[in-house]
Amino acid sequence: MLDTFHRYAQPYIEFQKLSKGLSDGNSLRILDVGANGIGVGRYLSEENVDLTLFDIKEFDSELKSGNTNINFVVGIESEGLPFEDGFFDLVVSIDVLEHVPKSARKSFMNELVRVSKNKVVVVFPEGKSTIKAEKVMSYIYLRRNVFLSEHEQLGLPEIKDIELYFGDNQKIKNLTVKSSLNLFLWFPIKIFSTILTRISGGKWDLFIFQLYRKLIFPVLNFGPTYGKCTVVEVGQK
């Protein structure tokens, strides 16, 4: 729960920034790539949102029937994103990059930029220290956590690779890499979140998320961190 809140906090902040310049009656087109369910949709209660969720696996029928205001799109990973250039105001991808094979990460990141006209936010675990921490966590899960196993198999992205992904992309105006969640706090927060989710059942997620984003998120991104958040501003250099 709390670790998930942390990953979605920065994308929500970027959504707020874009919303301030929005004219009355208009909506922001937002794309969540690799949503793995409802994705960022669980935290967007605002009416000025036109949300599209994209994944390479079929969405649950109950999820679709209960969220008729959301566009659900299923595609083939190797064929890129089935959207026009600059179609979305904001494109987000949370904990997906590390599940993309290394040879395809550059094309994946540039596809996100292609379909955005304003901003792209990509959040991912990063670095060798994080790999070591995840190995310890995988033993706690008795290696039953599919996501952590895939991190180890494919290898986590490294910060030095990010600029290489975008080096020749003339559509990028500015690139900012932010630290995301102190590595030593990630461990207890991950375990506590698992317990809290089972107890609460997600009933207070939206309320707790807003409190977490405002009061806790800003003070936990210090020192060595579990992950990184890349914010890309789209526009000619």
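Our subject is the structure that appears above.
This structure is a prediction, so every number in the text was calculated from the model and none was measured.

Student: Could you clarify how one ought to interpret the overall build of the chain in this entry?
Tutor: Summing up its helical and strand segments, the chain has eight helices and seven strands in all. Over its C-alpha trace the chain gives a radius of gyration of 17 Å, about what one expects of a compact globule, namely 18 Å for 237 residues. In terms of its C-alpha atoms, the chain occupies a principal-axis envelope of roughly 45 × 40 × 35 Å. Counting the 237 residues in the chain, one finds 49% classified as buried.

Student: For this particular structure, what's the right way to read the nonpolar core?
Tutor: For soluble globular proteins, nonpolar side chains are generally found buried alongside one another. Ranked by internal contacts, the top residues of the largest apolar core, which has 40 residues, are Phe 15, Ile 30, Leu 44, Leu 51, Leu 53 and Leu 90. It is helix H1 (residues 2-20) that contributes the most residues to this core, seven residues altogether. Not counting chain neighbours up to four residues away, the residues in contact with Leu 90 comprise Pro 11, Glu 14, Phe 15, Leu 18, Arg 29, Ile 30, Leu 31, Lys 119 and Val 121. The next biggest cluster of nonpolar side chains, apart from the first, holds 24 residues, and it includes Leu 81, Leu 112, Phe 166 and Ile 172.

Student: How should I be thinking about the pairing of strand E5 (residues 116-125) in this particular structure?
Tutor: Each regular strand carries side chains that alternate between the two faces of the sheet. For E5, the tally of buried residues reaches eight of 10 residues, placing the bulk of the element in the interior. Both strand E4 (residues 88-94) and E5 contribute to a ladder of six bridges, which runs parallel. Directly across from Ser 93, in E5, lies its bridge partner Val 122. The parallel pair E4 and E5 is bridged by helix H3 (residues 105-114), and the resulting crossover is right-handed. One ladder, built from seven bridges, connects E5 with strand E7 (residues 225-234); its direction is antiparallel. Of the residues in E7, the one forming a bridge with Pro 125 is Gly 227.

Student: Mind showing me how you'd approach the packing of aromatic side chains here?
Tutor: Note on aromatic pairs: each is described by the distance of the centres and the angle between the planes. Evaluated as defined, the whole model comprises 12 aromatic pairs. Ring geometry for Phe 54 and Phe 83: centres 6.3 Å apart, planes at 75°, overall edge-to-face. With Phe 54 in strand E2 (residues 49-55) and Phe 83 in the loop between strand E3 (71-74) and E4, this pair connects stretches of sequence that are 29 residues apart. Taking relative accessible area as the criterion, Phe 83 reaches 14% and is therefore assigned buried. Of the aromatic side chains, those joined through ring pairs into one cluster are Phe 5, Tyr 8, Tyr 12, Phe 15, Tyr 43, Phe 209 and Tyr 212. Against the face of Phe 87 rests Arg 29, its NZ or CZ located 4.0 Å from the ring centre.

Student: Got a minute to help me understand empty space enclosed by the protein in this structure?
Tutor: In this approach a probe as big as a water molecule rolls over the atoms, and the regions it shows empty are the leftover space. In this structure the tally under the stated criterion is four cavities of 30 Å³ or more. Considering only enclosed or pocket space, the largest cavity measures out at about 80 Å³ in volume. In terms of lining residues, the largest cavity is bounded by 13 residues, among which Arg 7, Val 123, Ser 180, Leu 181 and Tyr 226 are the most central. If you list the elements that add at least two residues to the lining of the largest cavity, you get H1, E5, strand E6 (172-182) and E7.

Student: Please clarify how a nonpolar patch on the surface should be interpreted in this entry.
Tutor: There is a patch of nonpolar side chains on the surface, built from Trp 204, Phe 207, Leu 211, Leu 215, Ile 216 and Val 219 and spanning about 660 Å² of accessible area. You can see Leu 215 is positioned in helix H8 (residues 205-216).

Student: Would you mind going over the pattern of salt bridges with me for this structure?
Tutor: When their charged atoms lie close together, side chains carrying opposite charge are able to pair. The final tally for this structure, using the stated rule, is 10 salt bridges. The shortest N-O distance in the salt bridge between Arg 7 and Asp 95 comes to 2.8 Å. One end of the pair, Arg 7, is in helix H1; the other, Asp 95, is in the loop between E4 and H3, and 88 residues separate them in sequence. Here Arg 7 falls in the buried class, since its relative accessible area comes to 17%. Close ionic contact of Asp 161 with Lys 160 constitutes a salt bridge, the shortest N to O distance being 3.5 Å. Here the salt bridges share partners, and the residues they tie into one network are Asp 3, Arg 7 and Asp 95.

Reading the values: the criteria
Residues numbered from 1 in each chain as written. Predicted model: local features only at pLDDT ≥ 70, side-chain atom pairs only at ≥ 80, totals over all residues. Heavy atoms only, no water. Helix = DSSP H or I, 4+ residues; strand = E, 2+ residues; numbered from the N terminus. Rg over C-alpha atoms; globule rule 2.2 N^0.38 Å. Buried < 20%, exposed > 50% of the residue type's maximum accessible area, 1.4 Å probe, protein only. Core = buried A, V, L, I, M, F, W, Y, C linked by side-chain atoms within 4.5 Å. Contact = heavy atoms within 4.5 Å. Pairing = 2+ DSSP bridges. Right-handed = clockwise from strand over helix to strand, strands pointing away. Phe/Tyr/Trp six-rings, centres within 6.5 Å; stacked < 30°, edge-to-face > 60°. Lys NZ or Arg CZ within 6 Å of the ring centre and 35° of its normal. 1 Å grid on protein atoms, 1.4 Å probe; cavity = no way out; pocket = protein on both sides within 12 Å on 5 of 7 lines; lining within 4 Å. Points joined across faces, edges and corners; volume = space filled by probe spheres on them. Patch = residues over 30% accessible without salt bridge, like charges linked within 9 Å, V, L, I, M, F, W, Y side chains within 5 Å. Areas by Shrake-Rupley, 256 points an atom, 1.4 Å probe, with all protein chains shown as cover. Salt bridge = Lys/Arg side-chain N within 4 Å of Asp/Glu carboxyl O.

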